[in-house]
Structures are given as C-alpha cells and as structure tokens.
Amino acid sequence: MIMNQADNVDSEIACAKINLALHVRRRLPDGYHDIETIFAFLDQGDIVSVREGEGINLSITGPFGDGLSATDNLILDAACLLATKVNMRPEAHIILDKRLPIASGIGGGSADAAAALRLLNRFWDIGLAVEELAELSAPLGADVPACVLSQTCRGEGIGQNLIPLNNGELSGYFALLVNPLIPLSTAAIFKDWDGVDRGALPSGGPMDVALNGRNDLQVPAERLAPEISKILARLAETFPIMAKMSGSGATCFALYKTIDEARAARMKVTAVVQNASPNTWTMIGGLK
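Rules used in this analysis
- Residues numbered from 1 in each chain as written.
- Predicted model: local features only at pLDDT ≥ 70, side-chain atom pairs only at ≥ 80, totals over all residues.
- Heavy atoms only, no water.
- Pairing = 2+ DSSP bridges.
- Helix = DSSP H or I, 4+ residues; strand = E, 2+ residues; numbered from the N terminus.
- Contact = heavy atoms within 4.5 Å.
- Salt bridge = Lys/Arg side-chain N within 4 Å of Asp/Glu carboxyl O.
- Buried < 20%, exposed > 50% of the residue type's maximum accessible area, 1.4 Å probe, protein only.

Caption draft 1: Representation of the pairing of strand S4 (residues 56-61). Of the strand pairs in this sheet, S4 and strand S5 (residues 92-97) are connected by six bridges, and their pairing is parallel. Residue pairing for S5: Leu58 is matched across the bridge by Ile94.

Caption draft 2: Molecular detail of the environment of Val144. Structurally, Val144 can be placed in helix H4 (residues 144-149). With 36 residues separating them along the chain, Val144 and Gly108 place their C-alpha atoms 9.9 Å apart. Those residues in contact with Val144 that sit more than four places away from it in its chain are Leu74, Ser110, Ala114 and Ser137.

Caption draft 3: Layout of the pattern of salt bridges. Tallying each qualifying case throughout the model produces 18 salt bridges. Ionic pairing is found between Arg25 and Asp197, a salt bridge with its closest N-O pair at 2.7 Å. Here Arg25, found in strand S2 (residues 9-27), pairs with Asp197, found in the loop between helix H5 (186-192) and helix H6 (206-212); they are 172 residues apart in sequence, far enough to count as distant. Glu156 is the salt-bridge partner of Arg154, the closest N and O atoms lying 2.6 Å from each other. Judged by its relative accessible area of 27%, Glu156 falls in the partly exposed class. Where salt bridges share partners, they join Arg25, Glu36, Arg154, Glu156 and Asp197 into one cluster.

This is a description of form; function is not addressed.
Structure representation (structure tokens):
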C-alpha cells in the first residue's frame, strides 16, 4: 500500500507473478486446461492508484500503457464486481501506471484487476478479507484469485483451486525477469500444447518443486518465439539457482540469492541479448 496524503491518493502494487513450475495435465471440455502450478510474486509490478471521482473511470499511464483501453478493461470489471457484491454505486477515479509488458506471462491484467480489488476494498471501506476478495474474483480470469492473494501458493484446476504455501520460504531471493517484448497469446500457446500429460508436480516446498518441476508451455512458446530459448541460454550462463519461462511466456526469469547477483546477471544478459533484440525488457524484484 502506498499513501499520498497531500493528494488523497491511495495506491497498490500489482505484483508481477511468476510460475515456478507449471504442469499441464489435460484439456477440459470447456476449453480450459487442468493444471498444477506454483505461483510466486515479486515486490515489483504495475501501480494501481485511486482518488475520489464521479462514477467509475480509469486513466492509463506508464511505458506499456499505449494501446490499452480505458473503457474496456479488467480493472473496471473488478470495480463493478466489488460494488455489486456490496450493493453500492461505484465511484472512483482509478489510475493504472503500466510498467509490465502486455501478454507476457507475469500476471499483467490479472494482477491489475487483483490490485484494484484490494485497493477499492480499502478505499470504499468495505472490509472484506483477502480470501473473500480472491473468491469473489474468480469470474475475472484464471489467474486473478492467485494475484489477489499475491503470495506463494499452489494452484490446481484451472489455477483457481489455491493452497497457500509457506510464504516466508522464498523471501530473500531475487528474480531477474527478461522479456523480448514479443506478446504471446495464452490461448494460442495452450492450443499448441501437445496434449501429453507428463505427470504431477513433485512433492516438497516451493523451492523443491521449482527446482524439480517444469513448464509444459515452454516448448510451444519457443516455437512461436525462438528468442525465449536464447534468453534462457543466456540466463543459464549467469549460474542462477534456476531459470525458466513464466506462464505462457514470453517472460523468462532466473532466481538468485542476492540482489547484487541479480544485477550482475542483468548486465551480462542484456549486453548479449540486446544486440539481437534491442527492445528487451528487464526487471529485478525480491520474492515475497
């Protein structure tokens, strides 16, 4: 939570999400997929702010705000959903500072909607528990409930059957995110999945599962964006704890024990990757 008393503005971080492992088990008749995943969250992301306003409206700023609709947006859907829940007229001016790439496998619109729910729950003095907000958010998208909790958890089903995990185990690790700024359609990646069930998540704590798990969407994503393979190869050369693709891509991540290691890795990776992809985006954040 970020408060600016002078302007009476309250803000919330839409924390970037990474999938430490993502096992796709089967296709479901409704077009979704049965998955098993470990969600983890950074302390960095988009910023969602709110101030007094007439009706409900949205302004969008930030390096990745161009092209996003301020009238057809999941943030507005979240606001209306919450207002309907408590039978009130939604009134607020919401500002999205879009700092994360669009369609990049790290939460994006889901994290923004989740942050808006937490923020408006406080701004409107509704007082729902975060678990209630997560349950309420299910119609907004598969990843939204996890993003509402914004803590390490295991996701099953379509990702909405959530089991919170030891939330302190990953604290102190740092993640380097690298994205070649190639938007990937989640639907297209899942459609290209070969349908082979390669087994359940391994047992153990979040880091054990991360080290021994896989991302079943990485292969189809690499077919659509070969740059992913190159980024992962460069990340591996920095000797991280692990390096994988997150979600349906194209963001890749590597974990390190210290922020200095993450910063050194960013310098090494960008020096190589940006020669081929000048617009490559990076972010460093601590795991929550």
